[in-house]
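This is what each chain is made of:
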Amino acid sequence: NKYQSLDSRVETLVVSDGMCNEGTWDILQYLTHLRELAIGDGCFLAMSEVRIIGFRELEGLTIGEKSFLQYEYRDGYFNCFFCLKDCRRLKSLAIGCYSFSGFSSCVIEDNPSLEVIRIGEVNRRSSNFFDSSLELRSESHGRRLMNRLTKTELTRMR
């Protein structure tokens, strides 16, 4: 395994602009103590599935502009999937303009500490998840709803 020498105790990972654009990148499964993940602009252009699931320590996820783009149609439509699920400490998610623009599915589910979601930019064409459904889910299993977004803003493009 090419990641065996990687220290699994890494808490912050920053991916520079234009990186990781060929093939798949499965390093995240080895970073079990990751608290912050920051992905720059124009990264991961070849990925069609992004699954960030069960990262118990992750508190912040930032993705720059024009990352995770897909230009290839499969069966007449884009078949790309983004899932952010079961990250118990995640407080913020920020996605820059045009990232995930060709993704056909977006699921953000069971992240009980999530307070801020910023996808795209107000008063600017963003095209995030352009042809996809967006689901925000939380199941409290008998407890009072504890998930709350501290700020939500829906605006009209001019």
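Note that this is a predicted model, so its numbers are computed, not measured.

(A) Molecular detail of unusual backbone geometry. Unlike most non-glycine residues, Cys20 shows phi in positive territory, near 60 degrees. Inspection of the secondary structure puts Cys20 in the loop between strand 1 (12-15) and strand 2 (36-39). The backbone of Phe68 sits at a positive phi, close to 55 degrees, despite the residue not being glycine. When you line up the elements, Phe68 lands in the loop between strand 4 (60-63) and strand 5 (81-85).

(B) Fine view of the sheet that holds strand 2. The sheet built from five strands is open, its strands ordered 1-2-4-6-8 with parallel pairing. Every interior strand has two partners, whereas the edge strands, strand 1 and strand 8 (116-119), have only one. Ignoring which end each strand starts from, the neighbouring axes of this sheet average 5 degrees apart. As judged from the four bridges shared by strand 6 (residues 92-95) and strand 8, these two strands associate in the parallel manner. Within strand 8, the residue paired with Ala94 across the bridge is Arg118.

(C) The pairing of strand 7 (residues 105-109), seen in detail. Along strand 7, five of the five residues are buried, which leaves the element largely enclosed by surrounding structure. Of the two faces of strand 7, the one lined by Ser105, Val107 and Glu109 and the one lined by Cys106 and Ile108 are each fully buried. Where strand 5 lies against strand 7, five bridges are found, and the strand directions are parallel. The partner of Phe81 across the bridge, within strand 7, is Ser105.

(D) Looking closely at the nonpolar core. Counting 31 residues, the largest nonpolar core has Ile52, Phe68, Phe82, Leu84 and Phe100 as the members making the most contacts within it. Contributing elements (two or more residues each) for this core: strand 1, strand 2, strand 3 (49-53), strand 4, strand 5, strand 6 and strand 7. Ignoring any residue separated from it by four or fewer positions in sequence, one finds Phe100 in contact with Val50, Ile63, Ser67, Phe68, Leu69, Phe82, Ile95, Asn128, Phe129 and Phe130.

(E) Fine view of the pattern of salt bridges. The full count for this structure, using the stated rule, is 11 salt bridges. The shortest N-O distance in the salt bridge between Lys85 and Glu109 comes to 3.2 Å. Separated by 24 residues along the polypeptide, Lys85 in strand 5 and Glu109 in strand 7 bring together distant segments of the chain. According to the relative accessible area criterion, Lys85 is partly exposed, its value standing at 31%. Connected through shared salt-bridge partners, Glu11, Arg35, Glu57, Glu59 and Arg89 make up one network.

(F) Local environment of the pairing of strand 5. When strand 3 meets strand 5, the two strands line up parallel, connected through five bridges. Residue pairing for strand 5: Val50 is matched across the bridge by Phe82.

(G) A look at the side chain of Ser67. When you line up the elements, Ser67 lands in the loop between strand 4 and strand 5. Residue class for Ser67 comes out buried when judged on its relative accessible area of 0%. In this structure Ser67 touches Ile39, Gly40, Asp41, Gly42, Cys43, Leu45, Tyr98, Ser99 and Phe100, once residues within four positions along its chain are discounted.

(H) Expanded view of the packing of aromatic side chains. Under the criterion given, the structure shown has six aromatic pairs. Ring geometry for Phe44 against Phe68: centres 5.0 Å apart, planes inclined by 5 degrees, an arrangement best described as stacked. Highlighted residues: Phe44 in the loop between strand 2 and strand 3 and Phe68 in the loop between strand 4 and strand 5, separated in sequence by 24 residues. As far as the burial class goes, Phe44 and Phe68 line up, both buried. Aromatic side chains Phe82 and Phe129 sit 5.7 Å apart centroid to centroid with 50 degrees between the ring planes, which places their arrangement in the tilted category. Of the two residues, Phe82 is situated in strand 5 and Phe129 in the loop between strand 8 and strand 9 (133-137); the sequence distance between them amounts to 47 residues.

Conventions adopted
- Residues numbered from 1 in each chain as written.
- Predicted model: local features only at pLDDT ≥ 70, side-chain atom pairs only at ≥ 80, totals over all residues.
- Heavy atoms only, no water.
- Helix = DSSP H or I, 4+ residues; strand = E, 2+ residues; numbered from the N terminus.
- Pairing = 2+ DSSP bridges.
- Axes fitted to C-alpha atoms, helices over the stretch in contact; angles between N-to-C directions.
- Buried < 20%, exposed > 50% of the residue type's maximum accessible area, 1.4 Å probe, protein only.
- Core = buried A, V, L, I, M, F, W, Y, C linked by side-chain atoms within 4.5 Å.
- Contact = heavy atoms within 4.5 Å.
- Salt bridge = Lys/Arg side-chain N within 4 Å of Asp/Glu carboxyl O.
- Phe/Tyr/Trp six-rings, centres within 6.5 Å; stacked < 30°, edge-to-face > 60°.

As far as function goes, none of this settles anything; it's purely spatial.
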